[in-house]
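# Remarks on the overall topology
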Amino acid sequence: MAARKIDGRWHADFRFQHSDGSVERVRKRSPVQSKAGADEFEHQLRTALLDSTLTMTLRYMHLAPSALTEAINLLNFGQPVGSAVSGSC
């Protein structure tokens, strides 16, 4: 999709696929009421969505299951999960 005229007003109208695979339809009225303005607005929206998606991915990447397993193994003195070192106290 792209720039379209709906009820006499220009809108940016497109589908955006997030990094988790989900698809979101974005339809926003353009602040500049021309086809070129709506195209530019769509570009700005896509850029903002990509930047926020990348930022969120980087922010929560440390919560990935493999990172969690590595952290638990570190706390278990290098032993794999499920075979913790048992010590006598």
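Description of the structure in this document. On a predicted model such as this, the values are computed, not experimentally measured, just so you know.

Moving on, we come to the sheet that holds strand β1 (residues 2-6). On the basis of which strands lie adjacent, the open sheet formed by three strands has the order β1-β2-β3 and antiparallel pairing. Each edge of the sheet is formed by a strand with only one pairing partner; in this case those strands are β1 and β3 (23-29). On average, adjacent strands in this sheet sit at an angle of 30° to one another, irrespective of strand direction. The pairing of β1 with strand β2 (residues 9-17) spans five bridges and is antiparallel. Across the sheet, residue Ala2 finds its bridge partner in β2, namely Asp13.

Our focus in this paragraph is the nonpolar core. Among the nonpolar cores identified, the biggest contains seven residues, and these are Ala12, Phe14, Phe16, Val26, Phe41, Leu45 and Leu49. Residue assignment for this core shows that the elements contributing at least two residues are β2 and α1 (35-60). Those residues in contact with Phe41 that sit more than four places away from it in its chain are Ala12, Lys28, Arg29, Ser30 and Pro31.

What counts as what
Residues numbered from 1 in each chain as written. Predicted model: local features only at pLDDT ≥ 70, side-chain atom pairs only at ≥ 80, totals over all residues. Heavy atoms only, no water. Pairing = 2+ DSSP bridges. Helix = DSSP H or I, 4+ residues; strand = E, 2+ residues; numbered from the N terminus. Axes fitted to C-alpha atoms, helices over the stretch in contact; angles between N-to-C directions. Core = buried A, V, L, I, M, F, W, Y, C linked by side-chain atoms within 4.5 Å. Buried < 20%, exposed > 50% of the residue type's maximum accessible area, 1.4 Å probe, protein only. Contact = heavy atoms within 4.5 Å.

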